[in-house]
Amino acid sequence: MKLNIKTYILILAIFTQTALAQHEGCNHGDAPSSDVSHAHKIIQIPHEAEHNINLKTEKASSRKIDTIITALGTAQNIPEQEAEVSSRIEGKVVELYVKPDSFVKKGAPIAKIESLLFGNPPPSTTLYAQISGIVESLNVSLGTPVSPNQSIAKIANTSKIYAVANVWESAIAKLKIGQTARIRFEAYPEETYVGKLVKFASKVDSNTSTLGAYFEIDNPDGLIKQSMRASFAIVIDNKPVKVAINKNALLGGHGNYSAFVQVCPNDRIYERRNVVLGKSDDTYVEVLHGIHANEVVATNGAYQLQFMPHAKEHKHEHAKETNEHKHSEKEHINDHKKEHQHSEGCGHSEKEHNKEHKYSDGFFSHIEIDSEYLHNLVYTILGASLLLNLIFILASFFGKRKDNAK
């Protein structure tokens, strides 16, 4: 059967397309895909850098993850803990014993008022603080005329204060007196205050469709001032989980998250692992796969660890050497207690560690084949097919010339 040159060109195109498709589908060892490129990265942090980035760590542990309602609000004084200082007589201020924003104890003198009645000296009266607290306002100065019931000063006891959350109307039914909230003020973002819900506002704000929920919090140092802005995580329910980590440990986004796990504390060596997440609240998140209970993760400073040098040597041994990470992905998720168990001693390089974590799927999931070998094999097949088809074309060409010559 004789084939013309067009048929050979068509066969050549089919072979080439097939070889290229196989080449595109292969997994090159030197070019890992972006979704796993940072998995199992081993880094060693220099001693000085550990202090410079203020690195902090925390154990992964079993705990309760809260169901929360979030809201914004402000701090307000408790009205029952405020007192107005006023005069019962008409006169003028002749002595002032306090300054604005100063602290006074109950019974301390505030001001001396001299009556307008005649006398030598004229009759006078001294005003005293009814409660201990901060002089939030002082409305007079020396020589100021005063009248009965005029406010001289306002004192507020701020050892306890209200944090008022503006809760959306749709969430009001989920709130109950006695529930707690974690409250963070913009002025002190690293501090978390715990408040207890004690009352609700009498009406919904028609402009914002929110209702004020009043949480009482302790303020012994007086750091929280009236009108400070705050964010609220109101706890309405909670459920226990087996493994949870602080949210500050998470890196990444768009569903692709990882965390740095301490694998050799003496040498300050950390391993970056991909994680599968579950429930979360404002502080903690459940880890379904990737980290085990009691493993230590980097929290504060975790972002800077991404730029630390790779560990030159990592003595890292798994507790169960017989498994050596040959579990399937399904076995990892169903029983992640058997994965990444690290001993205190450390022993093979990052390159050796990465060889133990083989990523493959389909037919090759049960066969351990070096990616460089597959890479070379594809190019060999491609080159052989091109050469073979070239021979066919030349043979056909010279065959036709011979036939024409006859």
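Quantities reported herein were computed from a predicted structural model and do not represent experimental measurements.

Account for the overall build of the protein, naming residues and giving values.
Each helix and strand counted, the protein has 6 helices and 21 strands in total. Here the protein holds 406 residues, and the buried ones make up 34% of them. Pairs at least 24 residues apart make up 73% of the contacts formed inside the protein by residues separated by at least 6 positions.

Describe the confidence of the model for the protein, with residues and values.
Averaged over every residue, the pLDDT of the protein is 81; the share at 70 or more is 72%. Of the regions scoring below 50 in pLDDT, residues 314-330 engages in 40 contacts with residues more than four places distant in sequence or in other chains. Low pLDDT, under 50, characterises residues 347-371; the predicted model gives this stretch 40 contacts beyond four residues in sequence or across chains.

Lay out the sheet that holds strand E7 (residues 109-115) with the relevant residues and their values.
With respect to topology, 4 strands assemble into an open sheet ordered E8-E7-E5-E10, the strand pairing being antiparallel. Unpaired on one side and paired on the other, strand E8 (124-128) and strand E10 (145-146) mark the two borders of the sheet. As judged from the 2 bridges shared by strand E5 (residues 91-96) and E10, these two strands associate in the antiparallel manner. Along E10, the bridge assignment pairs Lys92 with Pro145.

So, the packing of aromatic side chains: which residues are in play, and what are the values?
Applying the stated criterion across every chain, the model contains 4 aromatic pairs. One cation-aromatic arrangement involves Arg63 over Tyr284; the distance from NZ or CZ to the ring centre is 3.7 Å. Here the guanidinium or amino end of Lys199 rests over the ring plane of Tyr214, the centre of that ring lying 4.8 Å away.

Report on the sheet that holds strand E4 (residues 82-86), specifying residues and quantitative values.
Strands sit in the order E4-E11-E9-E6 across an open sheet of 4 strands; the sheet is antiparallel. The sheet is open, and its two borders are formed by E4 and strand E6 (103-104), each paired with just one other strand.

Kindly report on the pairing of E5, identifying the contributing residues and their values.
In regular strands, side chains alternate between the two faces of the sheet. The sheet contact formed by E5 and E7 spans 5 bridges and is antiparallel. Across the sheet, the residue bridging to Leu96 is Ala111, located in E7.

Run through the pattern of salt bridges, naming residues and quoting values.
Per the counting criterion, the structure on display carries 9 salt bridges. Two residues, Asp66 and Arg182, come together in a salt bridge whose shortest N-O distance is 2.8 Å. Within this pair, whereas Asp66 is found in strand E3 (residues 61-76), its partner Arg182 is found in strand E13 (residues 180-185), the two being separated by 116 residues in sequence. Of the two residues examined, Asp66 and Arg182, each falls in the buried class. Across the salt bridge formed by Asp282 and Arg182, the nearest N and O atoms sit 2.5 Å from each other. Of the two residues, Asp282 sits in the loop between strand E19 (269-280) and strand E20 (284-289) while Arg182 sits in strand E13, which places them 100 residues apart along the sequence.

Give a detailed account of the side chain of Thr283, specifying residues and quantitative values.
Along the chain, the position of Thr283 falls in the loop between E19 and E20. A polar atom in the side chain of Thr283 sits 3.1 Å from the side chain of Arg184. In this structure, Thr283 is in contact with Arg182, Arg184, Ile245, Asn246 and Lys247, ignoring residues within four places of it in sequence.

Tell me about unusual backbone geometry, and name the residues and values.
Here the residue pair Asn120 and Pro121 is connected by a cis peptide bond, since its omega of 0° sits within 30 degrees of zero. Checked against the element boundaries, Pro121 lands in the loop between E7 and E8. Look at Ser209: it is not a glycine, yet its phi comes out positive at around 55°. Tracing the backbone shows Ser209 in the loop between strand E14 (193-200) and strand E15 (210-218).

Describe the nonpolar core, and please don't skip the residues or the numbers.
Looking at soluble globular proteins, one finds that nonpolar side chains tend to be buried together. Residues Val167, Ile183, Phe185, Phe215, Phe232 and Ile234 are the most contacted members of the largest nonpolar core, which totals 22 residues. Every element with two or more residues in this core is listed here: E3, strand E12 (160-168), E13, E14, E15 and strand E16 (229-246). The biggest single contributor to this core is E12, with 4 residues. Those residues in contact with Phe232 that sit more than four places away from it in its chain are Ile69, Thr70, Ala71, Leu72, Gly73, Ala163, Val164, Ala165, Arg182, Ile183 and Phe215.

A description of the side chain of Arg272 should follow, citing residues and the corresponding values.
Relative to the helices and strands, Arg272 is located in strand E19. A polar contact of 2.8 Å, which involves the side chain of Arg272, links it to the side chain of Ser258.

Any details on the environment of Tyr193? Residues and values, ideally.
Examined against the element boundaries, Tyr193 turns out to sit in strand E14. Judged by relative accessible area, Tyr193 falls into the buried class, the value being 14%. Residues Tyr193 and Phe232, spaced 39 residues apart in sequence, show a C-alpha to C-alpha distance of 9.7 Å. Each residue touching Tyr193, except ones within four places of it in the same chain, is listed here: Ala181, Arg182, Ile183, Phe185, Tyr188, Ile217, Asp218, Leu223 and Ile224.

Please give an account of the pairing of strand E18 (residues 256-264) that cites residues and values.
Where strand E17 (residues 251-253) lies against E18, 3 bridges are found, and the strand directions are antiparallel. Across the sheet, residue Leu251 finds its bridge partner in E18, namely Ser258. Between E17 and the antiparallel strand that follows it, E18, lie 2 residues; His254 among them carries a positive phi value of about 55°. Counting the residues in the hairpin turn of E18 and E19 gives 4 residues, including Arg268, whose phi is positive at 55°.

Basis of the calculations
Throughout, residues of each chain are indexed from 1 in the direction in which the sequence is written. The predicted origin of the model limits local features to residues at a pLDDT of at least 70 and limits the giving and counting of side-chain atom pairs to 80 or more, whereas totals for whole chains, interfaces and linings rest on all residues. No hydrogens and no water enter the side-chain calculation; it runs on all heavy atoms of the structure. Helix numbers and strand numbers start at the N terminus; a helix is a DSSP run of H or I with at least 4 residues, a strand a run of E with at least 2. Three labels apply to residues, based on accessible area from a 1.4 Å probe with only protein chains included: buried if under 20% of the type maximum, exposed if over 50%, partly exposed otherwise in between. The criterion used for residue contact is that any of the two residues' heavy atoms lie within 4.5 Å. For every residue, the pLDDT score states the predictor's confidence, bounded by 0 at the bottom and 100 at the top. When DSSP finds at least two bridges between two strands, those strands are taken to pair. Centres within 6.5 Å make a pair out of two Phe, Tyr or Trp rings, where for Trp the six-membered ring is used; the pair is then stacked when the planes are under 30 degrees apart, edge-to-face when over 60, and tilted otherwise. Lysine and arginine charges are scored as sitting over a ring when NZ or CZ, respectively, is within 6 Å of the ring centre and within 35 degrees of the ring normal. Salt bridges are identified by distance alone: a Lys or Arg side-chain nitrogen within 4 Å of an Asp or Glu carboxyl oxygen. Counted as a polar contact is a pair of N or O atoms within 3.5 Å, where, for protein atoms, one must be capable of donating a hydrogen and the other of accepting one, and residues adjacent in sequence contribute only when both atoms are in side chains. Each nonpolar core is a collection of buried residues, namely Ala, Val, Leu, Ile, Met, Phe, Trp, Tyr and Cys, held together in the definition by side-chain atoms within 4.5 Å.

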